[in-house]
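Now for the letters of each chain:
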Amino acid sequence: EAARAAPPVEASPAQPEQAYHPCPHLCLVNDHLSLAAFPSPQNVCYWGEPPREISPSYQKAFCLSENYVQCELLNAPKRKGSLLNVLRGKAEKGK
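Every value quoted in this text rests on a predicted model; they were computed, and no experiment measured them.

Asker: Any chance you could explain the overall build of the protein chain here in plain terms?
Answerer: Each helix and strand in the protein chain was counted, giving 3 helices and 3 strands. Listed by position from the N terminus, the elements making up the protein chain come as β-β-β-α-α-α. Of the contacts formed within the protein chain by residues at least 6 apart in sequence, a portion of 38% connects residues at least 24 apart. Looking at the protein chain as shown, the accessible area adds up to about 7,500 Å², and 57% of this sits on carbon and sulfur atoms.

In structure tokens:
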């Protein structure tokens, strides 16, 4: 018997690429025009002064996705000073 060729495998339709919408204020610590497209200690938040370190887990949940619009820092008034001062101000308003 002649060997029968296997039927051709049909390619599945390509999955549409998900849009990548990181926070526009997340940038590398030494380059405010670039960012690591993955959670990294080199990414910092340039919303306010000075730039703030953001934990990799927070970057993953908010900064590196369209969820950044729900970020507590972006929804707080832009202030100069440390993140601790921003959070203290929030706590004082709640008293």
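Asker: Any chance you could explain the sheet that holds strand β1 (residues 26-28) here in plain terms?
Answerer: Either a parallel or an antiparallel arrangement is found when strands of a sheet pair, and the pairing is made through backbone hydrogen bonds. Taking strand neighbours across the sheet as the criterion, the 3 strands line up as β1-β2-β3 in an open arrangement whose pairing is antiparallel. Strand pairing shows two members of the sheet lacking a second neighbour, β1 and β3 (52-53), which therefore form its edges. Inspection of the sheet shows β1 paired to strand β2 (residues 43-45) by 3 bridges, in the antiparallel sense. Considered in β2, the bridge of Cys27 is made with Val44.

Asker: Just checking my understanding: could you explain the environment of Arg52 for this structure?
Answerer: When you line up the elements, Arg52 lands in strand β3. Residues Arg52 and Val29, 23 residues apart in the sequence, show an inter-C-alpha distance of 9.1 Å.

Asker: Sorry, what's going on with the environment of Cys71 here?
Answerer: Mapping Cys71 onto the fold places it in the loop between α1 (56-63) and α2 (72-75). In this structure Cys71 comes out as buried when scored by relative accessible area, which is 6%. Sequence separation between Cys71 and Cys23 is 48 residues, and the spatial gap between their C-alpha atoms is 9.3 Å. If near-sequence neighbours (up to four positions away) are discounted, Cys71 is found in contact with Tyr58 and Phe62.

Asker: Quick question: what am I supposed to make of unusual backbone geometry here?
Answerer: Of note, the amide linkage connecting Glu49 to Pro50 takes the cis form, showing an omega dihedral of -5 degrees. Note that Pro50 resides in the loop between β2 and β3.

Asker: Quick question: what am I supposed to make of the side chain of Arg52 here?
Answerer: Of the side chains bearing the opposite charge, Glu49 lies closest to the buried Arg52, which forms no salt bridge; the N-O distance is 9.8 Å. Within polar-contact distance, the side chain of Arg52 engages the backbone oxygen of Trp47 at 2.5 Å.

Each value, and the rule that gives it
Numbering of residues begins from 1 in every chain and follows the order in which that chain's sequence is written. Confidence filtering applies because this is a predicted model: local features only for residues at pLDDT of at least 70, side-chain atom pairs given and counted only at 80 or more, and all residues used for totals across whole chains, interfaces and linings. Remark: hydrogens and water are excluded; side-chain values derive from all non-hydrogen atoms of the structure. Here a strand is any run of E in DSSP of at least two residues, a helix any run of H or I of at least four, and the numbering for each starts at the N terminus. It only takes one pair of heavy atoms within 4.5 Å for two residues to be counted as in contact. Computed by Shrake-Rupley with a 1.4 Å probe, the accessible areas treat only the displayed protein chains as cover when residues are assessed. The pairing criterion is simple: DSSP has to find at least two bridges between the two strands. Residue burial is assigned from relative accessible area. The probe radius is 1.4 Å, only protein chains are included, and a residue is buried under 20% of its type maximum, exposed over 50%, and partly exposed in between. Only four residue types enter the tally: Lys and Arg on the positive side, Asp and Glu on the negative side; His and the chain ends are excluded. Between Lys or Arg on one side and Asp or Glu on the other, a salt bridge is scored when a side-chain nitrogen of the former is within 4 Å of a carboxyl oxygen of the latter. Identification of polar contacts relies on pairs of N or O atoms within 3.5 Å, with a donor-acceptor requirement for protein atoms, meaning one able to donate a hydrogen and the other able to accept it, and with residues adjacent in sequence counted only if both atoms are side-chain atoms.

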